[in-house]
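Here is what each chain is made of, one letter per residue.
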Amino acid sequence: MNPQAKLIFTISLLLGTAITISSNHWIMAWAGLEINTLAILPLISKSHHPRAIEAATKYFLVQATASTLLLFSSMTNAWYTGQWDITQLTHPISCLILTSAIAMKLGLVPFHFWFPEVLQGAPLTTGLLLATVMKFPPITLFFLTSHSLNPTLLTCMAILSAALGGWMGLNQTQIRKILAFSSIAHLGWMTIIISFDPKLTLLSFYIYSLMTAATFLALNSIKALKLTTLMTTWTKTPSLNAMLFLTLLSLAGLPPLTGFLPKWLIIQELTKQSMAPAATVISLLSLLGLFFYLRLAYCTTITLPPHTTNHMKQWHTNKPTHITIAILTTLSTMLLPISPLIYPLS
(Lines give C-alpha, C1' and ligand atoms only; values in the text may rest on other atoms or scores of the structure.)
Protein backbone atom coordinates (compact mmCIF):
# COMPACT_ATOMS: atom_id res chain seq x y z
CA MET A 1 0.00 0.00 0.00
CA ASN A 2 1.10 3.55 -0.79
CA PRO A 3 2.75 5.09 2.36
CA GLN A 4 0.80 8.34 1.89
CA ALA A 5 -2.49 6.43 1.73
CA LYS A 6 -1.53 4.43 4.85
CA LEU A 7 -0.74 7.69 6.66
CA ILE A 8 -4.13 9.18 5.71
CA PHE A 9 -5.98 6.07 6.92
CA THR A 10 -4.00 6.03 10.20
CA ILE A 11 -4.72 9.73 10.84
CA SER A 12 -8.40 9.10 10.04
CA LEU A 13 -8.45 6.25 12.58
CA LEU A 14 -6.99 8.50 15.26
CA LEU A 15 -9.36 11.34 14.30
CA GLY A 16 -12.46 9.11 14.40
CA THR A 17 -11.47 7.66 17.77
CA ALA A 18 -10.72 11.12 19.21
CA ILE A 19 -14.06 12.51 17.97
CA THR A 20 -16.07 9.66 19.51
CA ILE A 21 -14.36 9.55 22.90
CA SER A 22 -14.48 13.35 23.36
CA SER A 23 -18.05 14.01 22.14
CA ASN A 24 -21.11 14.75 24.26
CA HIS A 25 -23.58 14.70 21.35
CA TRP A 26 -24.81 11.47 19.80
CA ILE A 27 -24.39 12.71 16.22
CA MET A 28 -20.72 13.54 16.82
CA ALA A 29 -20.13 10.11 18.40
CA TRP A 30 -21.83 8.45 15.41
CA ALA A 31 -19.72 10.51 12.95
CA GLY A 32 -16.51 9.42 14.72
CA LEU A 33 -17.53 5.75 14.53
CA GLU A 34 -18.26 6.11 10.80
CA ILE A 35 -14.86 7.73 10.14
CA ASN A 36 -13.23 4.82 12.01
CA THR A 37 -15.10 2.21 9.96
CA LEU A 38 -14.24 3.84 6.62
CA ALA A 39 -10.56 4.23 7.60
CA ILE A 40 -10.03 0.59 8.61
CA LEU A 41 -11.69 -0.97 5.53
CA PRO A 42 -8.76 -0.34 3.10
CA LEU A 43 -6.33 -1.67 5.74
CA ILE A 44 -8.32 -4.93 5.99
CA SER A 45 -8.57 -5.43 2.22
CA LYS A 46 -5.10 -4.16 1.22
CA SER A 47 -3.80 -7.63 0.28
CA HIS A 48 -6.61 -8.03 -2.35
CA HIS A 49 -6.92 -11.67 -1.36
CA PRO A 50 -10.52 -12.99 -1.68
CA ARG A 51 -10.59 -13.76 2.06
CA ALA A 52 -9.48 -10.18 2.84
CA ILE A 53 -12.15 -8.72 0.55
CA GLU A 54 -14.75 -10.97 2.20
CA ALA A 55 -13.58 -9.85 5.66
CA ALA A 56 -13.81 -6.16 4.66
CA THR A 57 -17.33 -6.67 3.25
CA LYS A 58 -18.50 -8.47 6.42
CA TYR A 59 -16.95 -5.79 8.60
CA PHE A 60 -18.61 -2.99 6.62
CA LEU A 61 -22.07 -4.59 6.74
CA VAL A 62 -21.93 -5.32 10.48
CA GLN A 63 -20.54 -1.91 11.44
CA ALA A 64 -23.05 -0.10 9.21
CA THR A 65 -25.90 -2.02 10.87
CA ALA A 66 -24.53 -1.24 14.35
CA SER A 67 -24.14 2.47 13.49
CA THR A 68 -27.72 2.57 12.18
CA LEU A 69 -28.99 1.03 15.42
CA LEU A 70 -26.94 3.50 17.47
CA LEU A 71 -28.36 6.44 15.52
CA PHE A 72 -31.89 5.02 15.82
CA SER A 73 -31.43 4.58 19.59
CA SER A 74 -30.27 8.19 20.07
CA MET A 75 -33.08 9.56 17.84
CA THR A 76 -35.69 7.57 19.79
CA ASN A 77 -34.31 8.96 23.05
CA ALA A 78 -34.31 12.51 21.62
CA TRP A 79 -37.89 12.03 20.38
CA TYR A 80 -39.17 11.08 23.85
CA THR A 81 -36.93 13.17 26.12
CA GLY A 82 -35.59 16.01 23.94
CA GLN A 83 -32.01 15.11 24.95
CA TRP A 84 -29.11 14.50 22.54
CA ASP A 85 -26.54 14.29 25.36
CA ILE A 86 -24.82 10.88 25.55
CA THR A 87 -25.09 10.69 29.35
CA GLN A 88 -28.85 11.50 29.30
CA LEU A 89 -29.99 8.22 27.72
CA THR A 90 -33.06 7.39 29.82
CA HIS A 91 -35.71 5.83 27.57
CA PRO A 92 -35.82 2.02 28.13
CA ILE A 93 -36.27 1.12 24.43
CA SER A 94 -33.33 3.37 23.50
CA CYS A 95 -31.18 1.71 26.17
CA LEU A 96 -32.04 -1.75 24.82
CA ILE A 97 -31.28 -0.78 21.19
CA LEU A 98 -28.02 0.91 22.25
CA THR A 99 -26.92 -2.23 24.12
CA SER A 100 -27.49 -4.25 20.92
CA ALA A 101 -25.62 -1.67 18.79
CA ILE A 102 -22.55 -1.55 21.04
CA ALA A 103 -22.55 -5.36 21.44
CA MET A 104 -22.52 -5.59 17.64
CA LYS A 105 -19.67 -3.06 17.40
CA LEU A 106 -17.61 -4.93 20.00
CA GLY A 107 -18.43 -8.50 18.97
CA LEU A 108 -20.22 -9.53 22.17
CA VAL A 109 -22.43 -12.63 22.17
CA PRO A 110 -24.94 -12.98 20.48
CA PHE A 111 -23.49 -10.56 17.87
CA HIS A 112 -20.04 -12.16 17.79
CA PHE A 113 -20.14 -14.23 14.57
CA TRP A 114 -18.45 -11.62 12.36
CA PHE A 115 -15.38 -11.01 14.53
CA PRO A 116 -13.38 -14.29 14.12
CA GLU A 117 -14.02 -14.30 10.35
CA VAL A 118 -12.91 -10.68 9.92
CA LEU A 119 -9.81 -11.14 12.09
CA GLN A 120 -8.88 -14.29 10.14
CA GLY A 121 -9.10 -12.38 6.83
CA ALA A 122 -7.05 -9.38 8.00
CA PRO A 123 -3.23 -9.10 8.31
CA LEU A 124 -1.79 -9.34 11.84
CA THR A 125 -1.15 -5.59 12.18
CA THR A 126 -4.70 -4.76 11.06
CA GLY A 127 -5.97 -7.53 13.33
CA LEU A 128 -4.23 -5.76 16.22
CA LEU A 129 -6.11 -2.54 15.35
CA LEU A 130 -9.42 -4.43 15.13
CA ALA A 131 -8.88 -6.11 18.50
CA THR A 132 -7.77 -2.98 20.40
CA VAL A 133 -8.09 0.50 18.83
CA MET A 134 -11.42 -0.18 17.07
CA LYS A 135 -12.97 -1.37 20.35
CA PHE A 136 -12.01 1.76 22.28
CA PRO A 137 -14.79 4.12 21.00
CA PRO A 138 -17.64 1.59 21.66
CA ILE A 139 -16.19 0.81 25.13
CA THR A 140 -16.16 4.58 25.81
CA LEU A 141 -19.85 4.83 24.85
CA PHE A 142 -20.54 1.85 27.14
CA PHE A 143 -18.70 3.70 29.92
CA LEU A 144 -20.68 6.94 29.41
CA THR A 145 -24.08 5.21 29.32
CA SER A 146 -23.37 2.45 31.89
CA HIS A 147 -25.74 3.95 34.49
CA SER A 148 -28.67 3.67 32.04
CA LEU A 149 -28.16 0.10 30.81
CA ASN A 150 -29.84 -3.03 32.16
CA PRO A 151 -27.42 -4.86 34.54
CA THR A 152 -29.20 -8.23 34.21
CA LEU A 153 -28.99 -8.15 30.39
CA LEU A 154 -25.31 -7.14 30.51
CA THR A 155 -24.51 -9.91 33.00
CA CYS A 156 -26.21 -12.54 30.79
CA MET A 157 -24.36 -11.29 27.68
CA ALA A 158 -21.07 -11.24 29.61
CA ILE A 159 -21.39 -14.83 30.87
CA LEU A 160 -22.42 -16.05 27.40
CA SER A 161 -19.45 -14.21 25.87
CA ALA A 162 -17.03 -15.77 28.36
CA ALA A 163 -18.56 -19.22 27.69
CA LEU A 164 -18.63 -19.03 23.89
CA GLY A 165 -15.25 -17.27 23.67
CA GLY A 166 -13.65 -20.10 25.62
CA TRP A 167 -15.65 -22.95 24.10
CA MET A 168 -15.25 -21.99 20.42
CA GLY A 169 -11.53 -21.32 20.76
CA LEU A 170 -10.77 -24.88 21.89
CA ASN A 171 -10.74 -26.52 18.47
CA GLN A 172 -9.02 -23.79 16.43
CA THR A 173 -5.67 -24.14 14.68
CA GLN A 174 -5.51 -20.61 13.22
CA ILE A 175 -3.86 -18.23 15.69
CA ARG A 176 -5.89 -15.19 14.61
CA LYS A 177 -9.16 -17.04 15.26
CA ILE A 178 -7.92 -18.15 18.67
CA LEU A 179 -7.09 -14.52 19.52
CA ALA A 180 -10.53 -13.43 18.24
CA PHE A 181 -12.31 -15.85 20.60
CA SER A 182 -9.92 -14.73 23.34
CA SER A 183 -11.06 -11.16 22.69
CA ILE A 184 -14.75 -12.18 22.96
CA ALA A 185 -14.06 -13.90 26.31
CA HIS A 186 -12.19 -10.84 27.64
CA LEU A 187 -15.06 -8.58 26.57
CA GLY A 188 -17.31 -10.76 28.72
CA TRP A 189 -15.18 -9.90 31.77
CA MET A 190 -15.33 -6.18 30.92
CA THR A 191 -19.10 -6.20 30.37
CA ILE A 192 -20.05 -8.01 33.57
CA ILE A 193 -18.58 -5.27 35.76
CA ILE A 194 -19.52 -2.14 33.77
CA SER A 195 -22.80 -1.48 35.62
CA PHE A 196 -21.08 -1.64 39.02
CA ASP A 197 -17.62 -0.15 38.44
CA PRO A 198 -17.16 1.38 34.95
CA LYS A 199 -13.60 2.50 35.72
CA LEU A 200 -12.64 -1.12 36.33
CA THR A 201 -13.93 -1.94 32.83
CA LEU A 202 -11.60 0.69 31.36
CA LEU A 203 -8.66 -0.63 33.41
CA SER A 204 -9.42 -4.17 32.14
CA PHE A 205 -9.56 -2.87 28.57
CA TYR A 206 -6.21 -1.07 28.89
CA ILE A 207 -4.48 -4.17 30.29
CA TYR A 208 -6.15 -6.41 27.69
CA SER A 209 -4.98 -4.04 24.91
CA LEU A 210 -1.44 -4.07 26.30
CA MET A 211 -1.24 -7.88 26.35
CA THR A 212 -2.96 -8.29 22.97
CA ALA A 213 -0.63 -5.73 21.35
CA ALA A 214 2.40 -7.61 22.73
CA THR A 215 1.03 -10.93 21.40
CA PHE A 216 0.13 -9.63 17.92
CA LEU A 217 3.44 -7.78 17.45
CA ALA A 218 5.45 -10.81 18.61
CA LEU A 219 3.52 -13.09 16.22
CA ASN A 220 4.01 -10.55 13.42
CA SER A 221 7.74 -10.49 14.13
CA ILE A 222 8.07 -14.30 13.87
CA LYS A 223 5.50 -14.48 11.00
CA ALA A 224 3.38 -17.19 12.67
CA LEU A 225 -0.27 -17.59 11.61
CA LYS A 226 -0.95 -21.25 12.45
CA LEU A 227 -0.11 -23.55 15.35
CA THR A 228 2.03 -25.72 13.05
CA THR A 229 4.25 -22.77 12.06
CA LEU A 230 4.39 -21.59 15.69
CA MET A 231 5.94 -24.95 16.61
CA THR A 232 8.94 -24.35 14.36
CA THR A 233 9.75 -20.75 15.31
CA TRP A 234 11.79 -21.69 18.40
CA THR A 235 14.90 -21.86 16.18
CA LYS A 236 14.39 -18.33 14.89
CA THR A 237 14.01 -16.14 17.99
CA PRO A 238 14.29 -18.16 21.21
CA SER A 239 14.16 -15.15 23.58
CA LEU A 240 11.07 -13.66 21.88
CA ASN A 241 9.39 -17.08 22.01
CA ALA A 242 10.04 -17.26 25.74
CA MET A 243 8.47 -13.82 26.27
CA LEU A 244 5.53 -14.75 24.03
CA PHE A 245 5.00 -17.81 26.26
CA LEU A 246 4.75 -15.56 29.35
CA THR A 247 2.50 -13.06 27.56
CA LEU A 248 0.06 -15.83 26.58
CA LEU A 249 -0.06 -17.05 30.18
CA SER A 250 -0.70 -13.44 31.23
CA LEU A 251 -3.60 -13.25 28.73
CA ALA A 252 -4.96 -16.40 30.40
CA GLY A 253 -4.98 -14.49 33.71
CA LEU A 254 -2.50 -16.63 35.64
CA PRO A 255 -0.86 -15.09 38.73
CA PRO A 256 1.70 -13.56 39.24
CA LEU A 257 1.42 -12.03 35.75
CA THR A 258 -0.26 -8.75 34.74
CA GLY A 259 -3.41 -10.42 33.30
CA PHE A 260 -4.39 -11.66 36.78
CA LEU A 261 -4.94 -8.07 38.02
CA PRO A 262 -8.24 -7.20 36.21
CA LYS A 263 -9.76 -10.64 36.91
CA TRP A 264 -8.84 -10.40 40.57
CA LEU A 265 -10.38 -6.91 40.92
CA ILE A 266 -13.52 -7.88 38.96
CA ILE A 267 -14.15 -10.99 41.10
CA GLN A 268 -13.61 -8.87 44.24
CA GLU A 269 -16.08 -6.19 43.07
CA LEU A 270 -18.71 -8.76 41.99
CA THR A 271 -18.49 -10.39 45.43
CA LYS A 272 -18.99 -6.97 47.07
CA GLN A 273 -22.11 -6.46 44.91
CA SER A 274 -23.59 -9.79 46.20
CA MET A 275 -22.97 -11.43 42.82
CA ALA A 276 -20.82 -14.32 44.05
CA PRO A 277 -22.65 -16.88 41.79
CA ALA A 278 -21.91 -14.79 38.66
CA ALA A 279 -18.28 -14.38 39.79
CA THR A 280 -17.99 -18.16 40.31
CA VAL A 281 -19.50 -18.98 36.91
CA ILE A 282 -17.34 -16.54 34.93
CA SER A 283 -14.22 -17.70 36.82
CA LEU A 284 -14.94 -21.33 35.94
CA LEU A 285 -15.59 -20.36 32.31
CA SER A 286 -12.19 -18.69 32.13
CA LEU A 287 -10.70 -22.21 32.52
CA LEU A 288 -11.86 -22.92 28.94
CA GLY A 289 -9.77 -20.01 27.74
CA LEU A 290 -6.88 -21.19 29.91
CA PHE A 291 -6.85 -24.47 27.97
CA PHE A 292 -6.27 -22.89 24.56
CA TYR A 293 -3.79 -20.35 25.94
CA LEU A 294 -1.81 -23.26 27.40
CA ARG A 295 -2.05 -24.97 24.02
CA LEU A 296 -0.64 -21.87 22.32
CA ALA A 297 2.03 -21.51 24.99
CA TYR A 298 2.98 -25.18 24.63
CA CYS A 299 3.31 -24.79 20.85
CA THR A 300 5.42 -21.66 21.39
CA THR A 301 7.98 -23.32 23.64
CA ILE A 302 8.03 -26.83 22.20
CA THR A 303 11.38 -27.79 20.70
CA LEU A 304 10.17 -30.39 18.18
CA PRO A 305 6.86 -30.72 16.30
CA PRO A 306 4.94 -33.62 17.90
CA HIS A 307 4.16 -35.34 14.58
CA THR A 308 6.07 -36.84 11.68
CA THR A 309 5.36 -34.15 9.08
CA ASN A 310 8.60 -32.62 7.89
CA HIS A 311 8.91 -28.91 8.52
CA MET A 312 11.56 -26.61 7.20
CA LYS A 313 13.29 -25.16 10.26
CA GLN A 314 13.84 -21.43 10.17
CA TRP A 315 17.34 -20.03 10.57
CA HIS A 316 18.26 -18.35 13.81
CA THR A 317 18.24 -14.61 13.17
CA ASN A 318 20.49 -12.04 14.82
CA LYS A 319 18.08 -9.22 13.95
CA PRO A 320 17.28 -7.48 17.29
CA THR A 321 13.72 -7.58 18.57
CA HIS A 322 11.93 -4.26 18.16
CA ILE A 323 12.02 -2.12 21.32
CA THR A 324 8.21 -1.77 21.29
CA ILE A 325 7.76 -5.54 21.57
CA ALA A 326 10.32 -5.68 24.37
CA ILE A 327 8.51 -2.97 26.37
CA LEU A 328 5.03 -4.42 25.78
CA THR A 329 6.00 -8.00 26.68
CA THR A 330 7.73 -6.77 29.85
CA LEU A 331 4.66 -4.75 30.89
CA SER A 332 2.40 -7.70 30.02
CA THR A 333 4.15 -9.88 32.55
CA MET A 334 5.40 -7.67 35.38
CA LEU A 335 2.72 -5.12 36.36
CA LEU A 336 1.02 -7.13 39.13
CA PRO A 337 3.43 -6.10 41.94
CA ILE A 338 2.61 -2.41 41.36
CA SER A 339 -1.18 -3.00 41.19
CA PRO A 340 -1.83 -0.80 44.31
CA LEU A 341 -0.42 2.08 42.24
CA ILE A 342 -2.28 1.22 39.00
CA TYR A 343 -5.84 0.85 40.38
CA PRO A 344 -6.08 4.33 42.00
CA LEU A 345 -4.76 5.87 38.76
CA SER A 346 -7.67 4.31 36.82
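A quick note: this is a predicted structure, and the numbers were derived from the prediction, not measured. (Residues numbered from 1 in each chain as written. Predicted model: local features only at pLDDT ≥ 70, side-chain atom pairs only at ≥ 80, totals over all residues. Heavy atoms only, no water.)

A. Highlighting the overall build of the chain. A tally of helices and strands in the chain yields 16 helices and zero strands. In summary, the chain has a C-alpha radius of gyration of 20 Å against a globular reference of 20 Å for 346 residues, a match within 12%. Dimensions along the principal axes, computed over C-alpha positions, put the chain at roughly 65 × 50 × 35 Å. Across the chain, the fraction of contacts at a sequence separation of at least 24, relative to all contacts at a separation of at least 6, is 78%. Counting 17 positive and 6 negative side-chain charges, the chain places the centres of these two groups 18 Å from one another. (Helix = DSSP H or I, 4+ residues; strand = E, 2+ residues; numbered from the N terminus. Rg over C-alpha atoms; globule rule 2.2 N^0.38 Å. Contact = heavy atoms within 4.5 Å. Lys, Arg positive; Asp, Glu negative; His and termini not counted. Charge placed at Lys NZ, Arg CZ, Asp CG, Glu CD.)

B. Seen up close, the UniProt feature "domain: NADH:quinone oxidoreductase/Mrp antiporter transmembrane" (unreviewed entry) in the chain. According to UniProt, the positions carrying the feature "domain: NADH:quinone oxidoreductase/Mrp antiporter transmembrane" (unreviewed entry) are residues 23-288. Helix makes up 75% of residues 23-288 and strand 0%, whereas the separation of the span's terminal C-alpha atoms amounts to 38 Å. (UniProt positions renumbered as here; feature names shortened; annotations may be inferred.)

C. How the structure looks around the packing of helix α1 (residues 3-22) against helix α7 (residues 136-145). Orientation of α1 relative to α7, taken along the N-to-C sense of each, is 0°, at an axis distance of 9 Å. One finds that α1 runs roughly parallel with respect to α7. When α1 is examined against α7, the residues Thr 17, Thr 20 and Ile 21 are found in contact with a partner set consisting of Phe 136, Pro 137, Thr 140 and Leu 141. Considered class by class, the residues forming the contact of α1 with α7 number four nonpolar, three polar and no charged. (Axes fitted to C-alpha atoms, helices over the stretch in contact; angles between N-to-C directions. Parallel < 35°, antiparallel > 145°, perpendicular 65-115°, else oblique. Nonpolar A, V, L, I, M, F, W, Y, C, P; charged D, E, K, R; others polar.)

D. Examining the UniProt feature "transmembrane region" (unreviewed entry) in the chain more closely. When the UniProt feature table is mapped onto this chain numbering, "transmembrane region" (unreviewed entry) sits at residues 59-79, 91-115, 152-171, 178-196, 202-219, 240-261, 281-304 and 325-343. Split by type, residues 325-343 is 79% helix and 0% strand. Its first and last C-alpha atoms lie 24 Å apart.

E. Broad picture of the side chain of Thr 126. Relative to the assigned elements, Thr 126 resides in helix α6 (residues 124-131). Leaving out residues up to four positions away in the same chain, Thr 126 has contacts with Ile 40, Leu 43, Ile 44 and Lys 46.

F. A look at the pattern of salt bridges. Scanning the entire structure with this criterion turns up three salt bridges. One network of salt bridges, with partners in common, ties together Glu 54, Lys 58, Glu 117 and Lys 177. (Salt bridge = Lys/Arg side-chain N within 4 Å of Asp/Glu carboxyl O.)

G. Just a nonpolar patch on the surface, in detail. A cluster of nonpolar side chains, contributed by Ile 27, Met 75 and Trp 84, occupies part of the molecular surface with about 260 Å² of accessible area. Structurally, the position occupied by Ile 27 is in helix α2 (residues 26-44). Judged by its relative accessible area of 34%, Ile 27 is partly exposed. (Patch = residues over 30% accessible without salt bridge, like charges linked within 9 Å, V, L, I, M, F, W, Y side chains within 5 Å. Areas by Shrake-Rupley, 256 points an atom, 1.4 Å probe, with all protein chains shown as cover. Buried < 20%, exposed > 50% of the residue type's maximum accessible area, 1.4 Å probe, protein only.)

H. Geometry of the packing of aromatic side chains. Using the criterion set out here, one finds eight aromatic pairs in the structure. With a centroid separation of 5.0 Å and an interplanar angle of 45°, the aromatic rings of Phe 292 and Tyr 293 are classed as tilted. Across the pair, Tyr 293 and Phe 292 agree in class, each one buried. Among the aromatic residues, those joined into a cluster by ring pairs are Phe 136, Phe 205, Tyr 206 and Tyr 208. (Phe/Tyr/Trp six-rings, centres within 6.5 Å; stacked < 30°, edge-to-face > 60°.)

I. Layout of helix α10 (residues 198-222). Taking 1.5 Å of rise per residue, 25 residues should cover 36 Å, and α10 covers 36 Å from first to last C-alpha, within 8% of that figure. Of all 25 residues that make up α10, 19 are buried, and the element is covered over most of its length. Backbone geometry just after α10 places Lys 223 at a positive phi near 55°. (Expected span 1.5 Å × (residues − 1).)

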